[in-house]
Amino acid sequence: MLDHETIYILAIESSCDDTSAAVLMNDKVLSNVVATQAIHNEYGGVVPELASRAHQQNIVPVVHQAIAKANIDKKQLSAIAFTRGPGLMGSLLVGTSFAKSLSLGLQIPLIEVNHMKAHILAHFIDEETMKAPSFPFLALTISGGHTQIVQVNDYFDMKIIGQTLDDAVGEAFDKSAKILGLPYPGGPLIDKYAATGDPHKFEFTIPNVKNLDFSFSGLKTNILYFIQKQTKENPDFIKNNLEDICASIQYTIITILMKKLKKAVKQTGIKEIAIGGGVSANSGIRKVLVEAQTKYGWKTYIPKFEYCTDNAAMIGIVGYYKYKNEQFSQQDVTAKARYVIS
Ligand code: KG4
Ligand code: ZN
């Protein structure tokens, strides 16, 4: 790559239930279009078969829109980046096949991207309101499918130092919301109701998990039994206490996350902390991490909302760095449902 070359990356994300396409000019986002699939709301969770069908329907219009918004011509594109995994196989196949075909048609390189790395490297998107962390830093990636603490030594040198042994933190939010009768995805709703609730009104158990690992399945059972017991005594319990229940659940989850983050900082001596993944949109977590700067002397990095939940811009920034390193994929590359960061 020549130093003065302008790189245009078209990025495609289809790992779960959001079809997204973005265009980046070097590390700047020109467009980031996300089509969220509302179809899953009525089922209380993502239905894989419906997700892949919706991706197939959305992918062409979403890509067209991203290119149109970026105001470039397809011929200007330098490469196509796509999410290879981890995610739902049927969903990944749509984006992978589309990216391969387009790269073949346009005769430009293809770049595979690990979705979890992308949640981390989203911090390197050049935006006025965002500052990139310095290496090495710790990334807390919290989403509907993952909960990890990753030590990031460089763009492509990452090591998972802690992770969930069962449910992901997003699942903990969504399953708790389901117990409360809230629709999917419940995370943002718990966040909303928690804002006006008392976080200390109800106490839930903080699990005792070894090392830097997490566990959230016990919390879900704890909440389920608590709600069952209370509604037996008072059928209006949820209605009368929704804000306080949500605030208490959110407080417990944040306490679990912070406990392990503090341990990770102590263990590694690294005080640069970046969060990523859908749950980093949570206002409680964002607040606690801002406070941690003065409270613990950490430097914390919180992405813009649109780069927290699944989006193609984060795939594009990884594409940009891989392009600079000439790390291209072959046409026989396949989607990978389980794709661990290494
Ligand atoms: O990263 P993401 O968009 O998709 C996955 O890769 O999983 O994360 C989705 C998860 C869902 O569990 C959703 O409930 C949660 O992120 N989420 C939130 C908030 N916004 C999204 N959880 C808590 N508070 C929020 N504000
Ligand atoms: Zn994600």
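Residues numbered from 1 in each chain as written. Chains lettered and ligands numbered in written order. Predicted model: local features only at pLDDT ≥ 70, side-chain atom pairs only at ≥ 80, totals over all residues. Heavy atoms only, no water.

1. Some points on the site of ligand 1
Part 1 of the argument: Of all residues adjacent to ligand 1, which total 19 residues, the nearest are G144, D174, D191, G278 and N282.
Part 2 of the argument: In this structure, G145 approaches ligand 1 through a main-chain N or O atom, which is 3.3 Å from an oxygen atom.
Part 3 of the argument: Take G170: an N or O atom from its main chain is 3.3 Å from an oxygen atom of ligand 1.
Part 4 of the argument: For ligand 1, the accessible surface in isolation is 550 Å², of which the surrounding protein chains cover 89%. (Near = heavy atom within 4 Å. Polar contact = N/O pair within 3.5 Å; in protein donor to acceptor, adjacent residues only side chain to side chain. Areas by Shrake-Rupley, 256 points an atom, 1.4 Å probe, with all protein chains shown as cover.)

2. Quick notes on the nonpolar core
Part 1 of the argument: The biggest cluster of nonpolar side chains holds 44 residues, and the ones touching the most others in it are L180, F216, I253 and L257.
Part 2 of the argument: Elements that contribute at least two residues to this core include exactly β6 (137-142), α4 (169-179), α5 (187-194), α6 (217-233), α7 (237-268), β9 (272-276) and α8 (283-296).
Part 3 of the argument: Among the elements that take part in this core, α7 stands out by supplying 15 residues, more than any other.
Part 4 of the argument: If we ignore the near neighbours within four places in the chain, the residues touching L180 are I227, I238, L242, I245, C246 and I249. (Core = buried A, V, L, I, M, F, W, Y, C linked by side-chain atoms within 4.5 Å. Buried < 20%, exposed > 50% of the residue type's maximum accessible area, 1.4 Å probe, protein only. Helix = DSSP H or I, 4+ residues; strand = E, 2+ residues; numbered from the N terminus. Contact = heavy atoms within 4.5 Å.)

3. As for the pattern of salt bridges
Part 1 of the argument: All chains considered together, the criterion is met by 12 salt bridges.
Part 2 of the argument: Ionic pairing is found between E112 and R84, a salt bridge with its closest N-O pair at 2.8 Å. With E112 in strand β5 (residues 110-114) and R84 in strand β4 (residues 79-85), the pair connects residues that are 28 residues apart, well separated along the chain.
Part 3 of the argument: Taking relative accessible area as the criterion, E112 reaches 14% and is therefore assigned buried.
Part 4 of the argument: According to the relative accessible area criterion, R84 is buried, its value standing at 15%.
Part 5 of the argument: One salt bridge in this structure joins E291 and K287, with 3.4 Å as the shortest N-O distance. Of the two residues, E291 and K287 both sit in helix α8, four residues apart, roughly one turn of that helix.
Part 6 of the argument: Where salt bridges share partners, they join D167, E171, K175 and K220 into one cluster. (Salt bridge = Lys/Arg side-chain N within 4 Å of Asp/Glu carboxyl O.)

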